[in-house]
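# Architecture at a glance
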4 protein chains.
Amino acid sequence: MKKQLDLEAIFKYQRKFASDREWEQFHTPKNLAMALSVEASELLEIFQWLTPEQSKNIEKNTDLMKSVKDEVSDTLYYLLRMTDLLNIDLEKALSNKMAENEKKYPVEKSKGIAKKYNQL
Amino acid sequence: MKKQLDLEAIFKYQRKFASDREWEQFHTPKNLAMALSVEASELLEIFQWLTPEQSKNIEKNTDLMKSVKDEVSDTLYYLLRMTDLLNIDLEKALSNKMAENEKKYPVEKSKGIAKKYNQL
Amino acid sequence: MKKQLDLEAIFKYQRKFASDREWEQFHTPKNLAMALSVEASELLEIFQWLTPEQSKNIEKNTDLMKSVKDEVSDTLYYLLRMTDLLNIDLEKALSNKMAENEKKYPVEKSKGIAKKYNQL
Amino acid sequence: MKKQLDLEAIFKYQRKFASDREWEQFHTPKNLAMALSVEASELLEIFQWLTPEQSKNIEKNTDLMKSVKDEVSDTLYYLLRMTDLLNIDLEKALSNKMAENEKKYPVEKSKGIAKKYNQL
């Protein structure tokens, strides 16, 4: 099984969902950036008081995992809606950023170290 | 052209990137949720002082759009890394959430209204 | 009437509140930074879909203002708890930062312009 | 020494700082909520990859503590600016919220447990 996200199908679904509800008026890039950040924080909230170990074992907790999946989906939803409205080529943007990160974080300098590139 | 995200290829890349740098130790689900939220906020920062109109026209500003693409990519990067580590079936999670949203926000009740489902 | 926040009294209250519930174990600076960010996002959520004008008139909406006051308080609560645990002299830290901001944003360069200091 | 925050003096300073730079136009409650959330995330970023233990010992690291103080101050700055513009009685709002939290989290039910009140 190939794991793929069919962006075009999702964009199409989102456009109809927003259009049916006359929600395009709310979907400015600014508002979508807010919504994306709010959903990412709802994901964060789940992990707020967990120890690192508890967070690693979260898969065993069906209720928490349902919440994680919901919030990951909500975050992705707004990320993709913004991607569509701003005509971003997501695959290209991501692979460009990955290439930049390889330069910013050369293996020999960043091995085992969680520092920002400008502090390496 | 079909716009698709090849999740399996991205996961594979991310695993090697983290492994080469011995960064798996930092990638607890808790820390990844933090990183995801931090990147979403860096995206938010770009739109912070823009008017709704300026945010709609952001595509005309090449510098700002480069930043938007970078931050969208960083956000997606951590979202997918968490997806991989927690074995989430992202396509399924997203389509489940979409189905829930259709029930939460029936067209007749939510038309033109940006309220949370529990306030409709 | 002088508007003042009696930090010492709040710290004392918070210490007892956490101690009574045996919550000190959860209040690492890392977890408090997460909680602070989560509460700030709950405040953000209230404004998410409002127009600039609607946000300016939010005082007229008693229900929304109750939520705003609650989330502002929750955000402040964690900010002060961290301040106490890390022994930060908050008044001094704030006035130092204000002095820095005056240098970063000289009036003549930043008048009417909402740009970050390094882009002025 | 009494640790107090003189809110009136800070509000006055902030009004002049914004007025001198003609920044009142940017300071809608919506934009201030964004700025507050962005600053809280910059604080979060400092703790992102730290272990709980490292975060507890952050006081020993002068550079990181300088950053913590800066970001705590920036967060507080926007929180107070919003408080002033929305005419919130901060001391009252905070003590109201504390009273609510005592009811939501009775000692006997929440001792040693970091769960949200609706899951207790």
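Conventions used here
Residues numbered from 1 in each chain as written. Chains lettered and ligands numbered in written order. Predicted model: local features only at pLDDT ≥ 70, side-chain atom pairs only at ≥ 80, totals over all residues. Helix = DSSP H or I, 4+ residues; strand = E, 2+ residues; numbered from the N terminus. Rg over C-alpha atoms; globule rule 2.2 N^0.38 Å. Buried ≥ 20, exposed ≤ 12 C-beta atoms within 10 Å, placed from the backbone. Contact = placed C-beta atoms within 7 Å. Least-squares fit on C-alpha atoms with pLDDT ≥ 70 in both. Core = buried A, V, L, I, M, F, W, Y, C linked by C-beta atoms within 7 Å. Nonpolar A, V, L, I, M, F, W, Y, C, P; charged D, E, K, R; others polar. Pairing = 2+ DSSP bridges. Expected span 1.5 Å × (residues − 1). Axes fitted to C-alpha atoms, helices over the stretch in contact; angles between N-to-C directions. Parallel < 35°, antiparallel > 145°, perpendicular 65-115°, else oblique. Left-handed = near helix turned anticlockwise from the far one by under 90°. pLDDT = per-residue confidence, 0-100.

Let us now look at the overall build of chain A. Counting its secondary structure elements, chain A contains 6 helices and 1 strand. Helices (α) and strands (β) of chain A occur, in sequence order from the N terminus, as β-α-α-α-α-α-α. For chain A, whose C-alpha radius of gyration is 18 Å, the value lies well above the compact-globule estimate of 14 Å for 120 residues. With respect to the principal axes defined by its C-alpha atoms, chain A has extents near 50 × 35 × 35 Å. Expressed as a percentage of its 120 residues, the buried residues of chain A come to 38%. Counting only contacts in chain A whose residues sit at least 6 apart along the sequence, the fraction spanning at least 24 positions is 69%.

Each copy of the sequence occupies a distinct position, and chain A is placed on chain B by a rotation of 180° and an axial shift of 0.0 Å, giving an RMSD of 0.0 Å. Here the symmetry operator amounts to a two-fold rotation axis. Identified as the residue of chain A closest to the rotation axis by C-alpha distance is L5(A), at 2.5 Å. When the interface residues of chain A are mapped onto chain B, 100% of them again fall at the interface, so both copies present the same face.

So, about unusual backbone geometry. Even without being a glycine, N87(A) presents a positive backbone phi close to 55°. Positive phi values are uncommon outside glycine, yet E22(D) reaches one of about 55°. Along the chain, the position of E22(D) falls in the loop between α1 (7-20) and α2 (29-47). Judged by the 14 C-beta atoms lying within 10 Å of it, E22(D) falls in the partly exposed class.

Turning next to the nonpolar core. Counting 108 residues, the largest nonpolar core has L36(A), L36(B), L36(C) and L36(D) as its most contacted members. If we ignore the near neighbours within four places in the chain, the residues touching L36(B) are A40(A), L43(A), T75(B), Y78(B), L79(B) and M82(B).

Here we come to the interface of chain D and chain C. With 58 residues of chain D at the interface, the matching set in chain C holds 58 residues. At the level of elements, β1 (4-6), α1, α2, α3 (52-56), α4 (62-85), α5 (90-104) and α6 (107-110) of chain D are the ones that each hand at least two residues to the side of chain D that touches chain C. The class makeup of the residues in the side of chain D that touches chain C is 31 nonpolar, 11 polar and 16 charged. Summarising the sheet, strand β1 (residues 4-6) of chain C and β1(D) pair through 3 bridges and their orientation is antiparallel. Paired with L5(C) across the strands is L5(D), a residue of β1(D).

What follows concerns the relation of the copies chain D and chain C. Superposition record for chain D on chain C: RMSD 0.0 Å, screw rotation 180°, translation along axis 0.0 Å. By residue overlap, the copies meet face to face through one surface: 100% of the interface positions of chain D are interface positions in chain C.

Attention shifts here to the interface of chain A and chain B. Bring the parts together and some accessible area is lost; that lost area is often taken as the interface size. The partner chain B presents 58 residues to the 58 residues of chain A that form the contact. Mapped by element, the contributors of at least two residues to the side of chain A that touches chain B are β1 (4-6), α1 (7-20), α2 (29-47), α3 (52-56), α4 (62-85), α5 (90-104) and α6 (107-110) of chain A. Here the element with the most residues in the side of chain A that touches chain B is α4(A); it accounts for 12 residues. In terms of residue class, the side of chain A that touches chain B is built from 31 nonpolar, 11 polar and 16 charged.

Moving on, we come to helix α4 (residues 62-85) of chain B. Two residues of an α-helix separated by three or four positions point the same way, owing to the 3.6 residues in each turn. Here α4(B) spans 35 Å end to end across 24 residues, near enough to the 34 Å set by a 1.5 Å rise per residue. Just downstream of α4(B), N87(B) is the residue with a positive phi angle, here 55°.

Following the sequence through the fold, E108(D) ends up in helix α6. Between the C-alpha atoms of E108(D) and A33(D), which are 75 residues apart in sequence, the distance is 35 Å.

Turning our attention to the packing of helix α4 (residues 62-85) of chain C against α4(D). Any two packed helices are characterised by how steeply their axes cross, that is the angle between the axes, and by the distance between the axes. Where α4(C) meets α4(D), the closest approach of the two axes is 11 Å, and the angle between their N-to-C directions is 150°. Here α4(C) lies roughly antiparallel to α4(D), going by the angle between them. As for the relative orientation of α4(C) and α4(D), their crossing is left-handed in sense. Every residue of α4(D) that contacts α4(C) at V72(C), T75(C), L76(C), L79(C), M82(C) and T83(C) is listed here: V72(D), T75(D), L76(D), L79(D), M82(D) and T83(D). Residue composition of the contact of α4(C) with α4(D), by class: 8 nonpolar, 4 polar and no charged.

Next up on the list: the confidence of the model for chain A. Put simply, chain A has an average pLDDT of 95, and 98% of its residues get 70 or more. On the interface metric, ipTM, the complex scores 0.96, and its pTM is 0.97.

The next point concerns the packing of α2(A) against helix α2 (residues 29-47) of chain C. Remark: α2(A) packs on α2(C), axes separated minimally by 9 Å, with the N-to-C direction vectors making an angle of 140°. Accordingly, the angle class assigned to the pair α2(A) and α2(C) is oblique. Read as a crossing pair, α2(A) and α2(C) show a hand that is left-handed. Residue-level inspection shows M34(A), S37(A), V38(A), S41(A), L44(A) and E45(A) of α2(A) in contact with α2(C), the latter providing M34(C), S37(C), V38(C), S41(C), L44(C) and E45(C). Looking at the contact of α2(A) with α2(C), its residues break down into 6 nonpolar, 4 polar and 2 charged.

This next bit is on the environment of P29(D). Here P29(D) shows up in helix α2. Its 23 C-beta neighbours within 10 Å are what place P29(D) among the buried residues. As for P29(D) and L44(D), which are separated by 15 residues in sequence, their C-alpha atoms are 22 Å apart. Setting aside anything within four residues of it in sequence, one finds P29(D) in contact with F47(C), S55(C), K56(C), I58(C), M82(D), L85(D) and L86(D).

What follows deals with the environment of M82(C). All names here are of chain C. Mapped onto the elements, M82 comes out in helix α4. For M82, a count of 22 C-beta atoms within 10 Å corresponds to the buried category. Between the C-alpha atoms of M82 and L43, which are 39 residues apart in sequence, the distance is 19 Å.

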